[in-house]
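Inside the fold
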Amino acid sequence: MKIENFNSIVDKMINYENGSMDEGEVVDFFQELLDRRLISSLQGSYQRHAAILLEKGYIDLRETK
């Protein structure tokens, strides 16, 4: 992962944890984490939140290229 992409993810994590994201931004953020295959390397609360969003159909597993 390039450093600018890393900083972007970290900034988004900070905004998520501060409660600064609206619902749409949270969904987009978790879809991005899932697409980048980062969910499994994060703490359990991220994994549980992703599982709920997956179950409810807000995010989905996509094929990697």
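Sequence positions are assigned chain by chain, starting from 1 and proceeding in written order. pLDDT decides what is reported in this predicted model: residues at 70 or higher carry local features, side-chain atom pairs at 80 or more are listed and counted, and totals for whole chains, interfaces and linings draw on all residues regardless. The side-chain figures draw on all heavy atoms in the structure; neither hydrogens nor water molecules are used.

1. Side note on the side chain of Q31
Under the DSSP-based scheme used, a helix requires at least four consecutive residues in state H or I and a strand at least two consecutive residues in state E, with every element numbered from the N terminus. With respect to the secondary-structure elements, Q31 resides in helix α2 (residues 23-35). By the criterion applied in these results, polar contacts are pairs of N or O atoms within 3.5 Å in which, for protein atoms, one can donate a hydrogen and the other can accept it, and in which residues neighboring in sequence qualify only through two side-chain atoms. At a separation of 2.9 Å, a polar atom in the side chain of Q31 contacts the main-chain carbonyl oxygen of D60. Only heavy atoms matter for contacts: two residues are in contact if any of them lie within 4.5 Å across the pair. Not counting residues up to four positions away in its chain, the partners in contact with Q31 are I59, D60 and R62.

2. Brief notes about a negative patch on the surface
Negative charge collects at one region of the surface, where D22, E23, E25 and D28 lie side by side. Looking at the secondary structure, you find D28 in helix α2. Patch membership needs two things, relative accessible area over 30% and no salt bridge, and members are linked within 9 Å if like-charged or within 5 Å if nonpolar (Val, Leu, Ile, Met, Phe, Trp, Tyr). Only the protein chains shown count as cover for residues, with accessible areas throughout obtained via the Shrake-Rupley method and a probe of 1.4 Å. Whenever Lys or Arg places a side-chain nitrogen within 4 Å of a carboxyl oxygen from Asp or Glu, that contact is recorded as a salt bridge. For the purpose of counting charges, residues Lys and Arg are taken to be positive, whereas Asp and Glu are taken to be negative. His and the chain ends are not included. In plain terms, the charge of a residue is placed at NZ if it is Lys, CZ if Arg, CG if Asp and CD if Glu.

3. Quick word on the nonpolar core
Membership of the largest hydrophobic core comes to 16 residues, with the highest contact counts inside it found for M13, F29, F30, L33, I39, Y46 and I59. Of all elements in the fold, only α1 (3-18), α2 and α3 (44-56) reach the threshold of two or more residues within this core. Discounting chain neighbours no more than four positions away, the residues touching Y46 are M13, Y16, E17, F29, F30, L33 and I39. Nonpolar cores were defined as sets of buried Ala, Val, Leu, Ile, Met, Phe, Trp, Tyr and Cys residues, with membership established by side-chain atoms within 4.5 Å. Think of it in three bands: with a 1.4 Å probe and only protein chains considered, a residue is buried below 20% of the maximum accessible area for its type, exposed above 50%, and partly exposed in between.

4. Regarding the packing of aromatic side chains
Working definition: a ring pair exists when centres of Phe, Tyr or Trp rings (six-membered ring for Trp) sit within 6.5 Å. Plane angles under 30 degrees give stacked, over 60 give edge-to-face, the rest tilted. Taken as a whole, this structure holds six aromatic pairs when the rule is applied. On the numbers, 5.8 Å between centres and 40 degrees between planes, the contact of Y16 with F29 is tilted. A residue pair is termed long-range when its members are at least 10 positions apart, and Y16 in helix α1 and F29 in helix α2 qualify at 13 residues. Relative accessible area serves as the criterion here: at 21%, Y16 is assigned to the partly exposed category.

5. Section: α2
One less than the residue count of a helix, multiplied by 1.5 Å, gives the span that helix is expected to have. A rise of 1.5 Å per residue sets the reference length of α2, with its 13 residues, at 18 Å; its end C-alpha atoms lie 18 Å apart and thus fit the reference within 8%. Along α2, the residues classified as buried are V26, V27, F29, F30, Q31, E32, L33 and L34. Where α2 begins, the capping side chain belongs to D22, and its oxygen is found 3.1 Å from the backbone nitrogen of G24. After α2 finishes, the residue R37 shows a positive phi value of roughly 60 degrees.

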